[in-house]
There are 2 protein chains.
Amino acid sequence: MAVCTMSYTHLPATHQPRLRRSNAAPASQQVVDNPQAETTTRKVTRWAESLSHHLHLHVEPPSSHAGGQNFTRDIWREYDEKLSSPVMSPKEDISQRWKEIQGFSDWEGLLEPLHPWLRREIVKYGEFTQATYDAFDFDSFSEYHGSWKYNKHKLFDKLGLTKHGYKTTKYIYAMSHIELPHWIERSHVADAWSRDSNWMGYVAVSDDEETRRIGRRDIVVAWRGTVVPCEWFENFQSKLEPIRKGESKVEHGFLSIYTSKSDSTRYNKSSASEQVMREVMRLVNFYKEKGEEVSLTITGHSLGGALAMLNAYEAGSTIPDLPITVISFGAPRVGNFAFKDELDKLGVKTLRIVTKQDWVPRMPGLVFNEALQVFDEITGTLEWVYTHVGTELKLDVCSSPYLKKGMNFSGIHNLETYLHLVDGYLSSKVPFRFEARRDVALVNKSSDMIVDELRIPHCWYQSANKGLVCDDHGRWVRPKREPDDVPSPTIEAHNHDLAVELQAYDVNVNGLLSCIKL
Amino acid sequence: MAVCTMSYTHLPATHQPRLRRSNAAPASQQVVDNPQAETTTRKVTRWAESLSHHLHLHVEPPSSHAGGQNFTRDIWREYDEKLSSPVMSPKEDISQRWKEIQGFSDWEGLLEPLHPWLRREIVKYGEFTQATYDAFDFDSFSEYHGSWKYNKHKLFDKLGLTKHGYKTTKYIYAMSHIELPHWIERSHVADAWSRDSNWMGYVAVSDDEETRRIGRRDIVVAWRGTVVPCEWFENFQSKLEPIRKGESKVEHGFLSIYTSKSDSTRYNKSSASEQVMREVMRLVNFYKEKGEEVSLTITGHSLGGALAMLNAYEAGSTIPDLPITVISFGAPRVGNFAFKDELDKLGVKTLRIVTKQDWVPRMPGLVFNEALQVFDEITGTLEWVYTHVGTELKLDVCSSPYLKKGMNFSGIHNLETYLHLVDGYLSSKVPFRFEARRDVALVNKSSDMIVDELRIPHCWYQSANKGLVCDDHGRWVRPKREPDDVPSPTIEAHNHDLAVELQAYDVNVNGLLSCIKL
């Protein structure tokens, strides 16, 4: 199918993509391969290429062949035009087609080209994940280092995410019994909020208005990843461990973070797994009892993407008839073939968004991975081989004219880079969308990925004077936090109960109001 | 003279230093050497030591022998106490003794121990110099990179320096015809405010209240230094060039920055020298015509200290009967012996504040310097040998219990480290002053020098989101500057004329008011 004839037959006319002629590749290059048409011979050839590629540990550097590289002046004008336009695309009512967008049909026909409604949802869930970084306390001198900066009632407001129409109901904490490099942020100070745990994510739920727009009550779990990626995942190479009694095995570091708990801690007397499952089940029961249709969407970046898979596996095994979707960004492999098969059986739908130049999705299992599947009959078992699951959406740093093309591994792996690339993605064969509206400047929040011409400072996401303020004596001090911004296991438990009560109250009042209206 | 009997005979009782007994060194170590008592033999021995030291290029590392190193818990308590006290010592009326404090008697009897009135004045001038860093636009993507962030009417207000009672009257710009490494900050952007010049300092003058307190109208010139010190000064090794017709020679890079100009530039149609001298002469004439006593204090850090010397030389040669004092921090050597002799003849008084562990004051002339003076009769001439001038006040990083003791060259050279050490200095033989009130946190503004126990973030002096703000569209953009915050040669010239008029008006009104009062 040539690009020029590519269209969304199911979309209103306003969504037909506007292509810049100057950037369009020759039609001969624009044929989208149909994977179904591949012969077995072709598969074997591909496998041989893949093995050779892996054994040489060769990673393709960002190339400069992609369209849109030589248009610096155009980019500047484009960017300037963008500056006077809103950052959000209009919100569409997707209630009639939400199951398709959540991957019930494995996103068939929605990825090449990428359906704008799906793109919008991916960015929404990505921004929920980004919130776990933006609200994380990275200050190693803070007594709250490794925790959050804003309590759950303020989170979306502080980060400008109330536009998505969700409310945070619970924060999740994790620890690990295994010594894992660079996964946990520990405070230097003696009176730290916790010695063992990190804030690892949260549970949120769609409000009434968003629920109407998306056709069901959507429960979201967002998992934070790690900041230093490669070294970390290298260390997990081939440490598969059984997840339950069957043949399913998963990476033991991920499993440890998801399941560790200790009575001697403040925040992990219950594990991340127990915390998240209790909250998800509470919300599912609450809304199902009201007769609502409910979905669970689990999202995460990097390590967070791996935790999302474990979470989906557990939710799928525990809660019957719950549509579960994972939207992961730059996530590593998590388990073996049996794990993948079980997830498929449980009906968990996974959209795995990766970037061609990102190393992390090649880990663990850089050499021994799903490419070995063709040897299944020879080797007899793939029990100890890692595999990816679900459907892949592959992005390319080179597709964006706004990004530098160097080997900046952490910049390429950065979640904001992913969100920028999703926003500009139409299909693997055409250039970055001219209409992409997401703020390009966000990419450089904590990286140096944007071309210098746009003059966006590097790593600009920072607080004034690192949070120090000048007191009445003229001294620069770290201000005391408001009581409700201090992590506290008891207060959080109390707030939680309160939230449940208030929610019940809301339902009653709303019910009463609708009766009165009738 | 043992420390226990050391006192300020000329000070009120409240100024007697409070010593912590626990930190006091044994009396045997506390004898302050009297330099006058040294014999010639001793001088030769010292020179031999010095030469050996220099030829091996050995630089003494920060040692741990100084008092106050093992009192982490005390320090924390001390710091905690400080947090509830004001940062400023009370302002004393120094009008009767200002000439002594400005160095008319070469600070004899004021340095060991350091007189508190002098300490306060040193810190004041140091803070004026610090303002040239704090207000500098370091953002290489800004079109004003290399210029200032606040116009001269706002400078002291924005930086909390109005307390000193001075008003800025002129900004000084500099360029250089010689290619010098790392001295100039050049904007990356095409429409930069200037391609050639950097904001290099300013002229300010004491207001009426401060003038009464300090006994004369004080004109201040503050010169900015460079951020990357050592490599830079190494490159200037032995490039002395004649400053005028005589034997005086100075480092050619410093001279180039001070004297370069070009008609093709926006900000250096006149040189830094011409800009500063015109303004100083204007102010001197203005206040002398009113019958006021006037002084000129020139201050600078690092390269700025060198420019201060050149400025003092020129002012001393040009303006008769003007008391001129230089207060420099971490300044390199500037010229040869003839230059030093001329400065002495001109009556320029220099208080050169250095830190034992700082490399920059050893440059240029690491090997060939004033230590060779004993060989004068043998070598015949010291024309090509660098020498320091004036009176030295030597600080020691190891004296402060708040500072790390590692080989952090840029942290040691940092002006805020100097100001902290001056604030805590009593004499070279006793520990850091317990009563030092200056905010310790300031040291870490752009370094990592404070011990971790105090939990002061590293390099914390930063603006929120590097100056980006979220606009109405939700996009992060660099806000447009207010018109009066945009560097402009014409506006600055206009403001300058206006300032002269306003000042004249002020004088008239004040004169009128005093007439009415009479």
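Residues numbered from 1 in each chain as written. Chains lettered and ligands numbered in written order. Predicted model: local features only at pLDDT ≥ 70, side-chain atom pairs only at ≥ 80, totals over all residues.

The name that an unreviewed UniProt entry assigns to chain A is Fungal lipase-type domain-containing protein, with the source organism given as Acacia crassicarpa. Looking at chain A in UniProt, the text filed under Subcellular location (unreviewed entry) is "Plastid, Chloroplast". Taken directly from UniProt, the Sequence similarities (unreviewed entry) text for chain A runs: "Belongs to the AB hydrolase superfamily. Lipase family." (UniProt positions renumbered as here; feature names shortened; annotations may be inferred.)

What follows deals with the overall build of chain A. Helix and strand counts for chain A come out as 15 helices and 13 strands. Across chain A, contacts joining residues at least 24 apart in sequence account for 76% of those joining residues at least 6 apart. (Helix = DSSP H or I, 4+ residues; strand = E, 2+ residues; numbered from the N terminus. Contact = placed C-beta atoms within 7 Å.)

All names here are of chain A. Residue P113 follows E112 across a cis peptide bond; omega there is 0°. Along the chain, P113 falls in the loop between α3 (98–101) and α4 (116–134). Despite not being glycine, C459 has its phi angle at roughly 45°, a positive value. At K466, a position not held by glycine, the phi torsion is positive, near 50°. Among the residues examined, K466 registers 19 C-beta atoms within 10 Å and is labelled partly exposed. (Buried ≥ 20, exposed ≤ 12 C-beta atoms within 10 Å, placed from the backbone.)

This part takes up the sheet that holds strand β11 (residues 391–395) of chain B. In a beta sheet, neighbouring strands pair by backbone hydrogen bonds and run either parallel or antiparallel. Residues and elements named next belong to chain B. Strand order in the open sheet made by the seven strands is β1-β2-β3-β6-β7-β9-β11, with mixed pairing throughout. The strands lining the two open edges of the sheet, one partner per strand, are β1 (166–174) and β11. With direction set aside, neighbouring strand axes in the sheet form an average angle of 15°. Of the strand pairs in this sheet, β1 and strand β2 (residues 198–206) are connected by eight bridges, and their pairing is antiparallel. What sits directly across from A174, in β2, is N198. Contacting β1, β2, β3 (217–223) and β6 (294–301), helix α9 (residues 272–289) runs over the sheet at an angle of about 155° to β1. (Pairing = 2+ DSSP bridges. Axes fitted to C-alpha atoms, helices over the stretch in contact; angles between N-to-C directions.)

Further remarks concern the relation of the copies chain A and chain B. The two copies are related by a screw operation: chain A maps onto chain B through 180° of rotation and 0.0 Å of translation along the axis, at an RMSD of 0.0 Å. This pairing of chains is accounted for by a two-fold axis. Residue A464 of chain A of chain A places its C-alpha closer to the rotation axis than any other residue of that unit, at 1.9 Å. The fraction of interface residues of chain A whose copies in chain B are also interface residues reaches 100%, indicating that both copies meet through the same surface. (Least-squares fit on C-alpha atoms with pLDDT ≥ 70 in both.)

Turning next to the interface of chain A and chain B. Listed per partner, the contact involves 28 residues of chain A and 28 residues of chain B. Taken together, the residues of the side of chain A that touches chain B break down into 14 nonpolar, eight polar and six charged. (Nonpolar A, V, L, I, M, F, W, Y, C, P; charged D, E, K, R; others polar.)

Glancing now at the sheet that holds strand β7 (residues 324–329) of chain A. Residues and elements named next belong to chain A. If you walk across this open sheet you meet the seven strands as β1-β2-β3-β6-β7-β9-β11, and the pairing is mixed. This sheet does not close on itself; its edge strands, each paired only once, are β1 (166–174) and β11 (391–395). Within this sheet the neighbouring strands show an average axis-to-axis angle of 15°, counted without direction. Where strand β2 (residues 198–206) meets strand β3 (residues 217–223), five bridges bridge the pair, whose relative direction is antiparallel. What sits directly across from V205, in β3, is I219. Packing against the sheet, helix α9 (residues 272–289) makes contact with β1, β2, β3 and β6 (294–301), and its axis sits at approximately 155° to β1.

Residues and elements named next belong to chain A. Within β3, seven of the seven residues are buried, which leaves the element mostly enclosed by the surrounding structure. The two faces of β3 match: R217, I219, V221 and W223 on one face and D218, V220 and A222 on the other face are all buried. Alignment of β3 against β6, held across seven bridges, turns out to be parallel. Following the sheet pairing, V221 is matched in β6 by I298.

Locating T299 of chain B in the fold gives a position in strand β6. The residues contacting T299 of chain B, other than those within four sequence positions of it, are Y125, F128, T129, V220, A222, A308, I327 and S328 of chain B.

All names here are of chain A. Given a rise of 1.5 Å per residue, 18 residues ought to cover 26 Å, and the 26 Å separating the end C-alpha atoms of α9 matches this to within 8%. Considered for burial, the residues of α9 that qualify are A272, S273, Q275, V276, E279, V280, L283, V284 and Y287. One side of α9 carries all its buried residues, which in axial view fall inside an arc of 165°. Seen from the buried face of α9, the exposed residues on the opposite side, beyond 90 degrees, are N285 and E289. Structurally, α9 contributes buried residues whose contacts are with β1, β2, β3, α8 (252–259), β6 and α10 (303–318). G291, located one to two residues past α9, shows a positive phi value of around 80°. (Expected span 1.5 Å × (residues − 1). Arc of directions from axis to C-beta.)

So, about the environment of E274 of chain B. Inspection of the secondary structure assignment puts E274 of chain B in helix α9. Along the backbone, E274 of chain B and G165 of chain B are 109 residues apart, and their C-alpha atoms lie at a distance of 26 Å.

A few words now on the pairing of β6 of chain B. All names here are of chain B. Burial analysis of β6 places eight of its eight residues in the buried class, which makes it a mostly covered element. Alternating residues of β6 divide into V294, L296, I298 and G300 and S295, T297, T299 and H301, and every residue in both groups is buried. Sheet topology note: the β6/strand β7 (residues 324–329) ladder contains six bridges and is parallel. When the bridges of β7 are listed, I298 appears paired with V326.

In this section: the environment of P361 of chain B. Residues and elements named next belong to chain B. One can find P361 in the loop between β9 (349–355) and α12 (376–379). Among the residues examined, P361 registers 23 C-beta atoms within 10 Å and is labelled buried. C-alpha separation for the pair P361 and G330, spaced 31 residues apart in sequence, amounts to 5.7 Å. Once residues lying within four places of it in the same chain are set aside, the contact partners of P361 are G330, A331, P332 and V354.

This next bit is on the packing of helix α4 (residues 116–134) of chain B against helix α14 (residues 415–424) of chain B. Any two packed helices are characterised by how steeply their axes cross, that is the angle between the axes, and by the distance between the axes. Residues and elements named next belong to chain B. Closest axis-to-axis distance for the α4/α14 pair is 10 Å, and the angle between their directions is 170°. Classified by the angle their axes make, α4 and α14 are roughly antiparallel. On the side of α4, the interface is formed by R119, I122, V123, G126, E127, T129, Q130 and Y133, while α14 contributes L415, E416, Y418, L419, V422 and D423. Taken together, the residues of the contact of α4 with α14 break down into seven nonpolar, three polar and four charged. (Parallel < 35°, antiparallel > 145°, perpendicular 65-115°, else oblique.)

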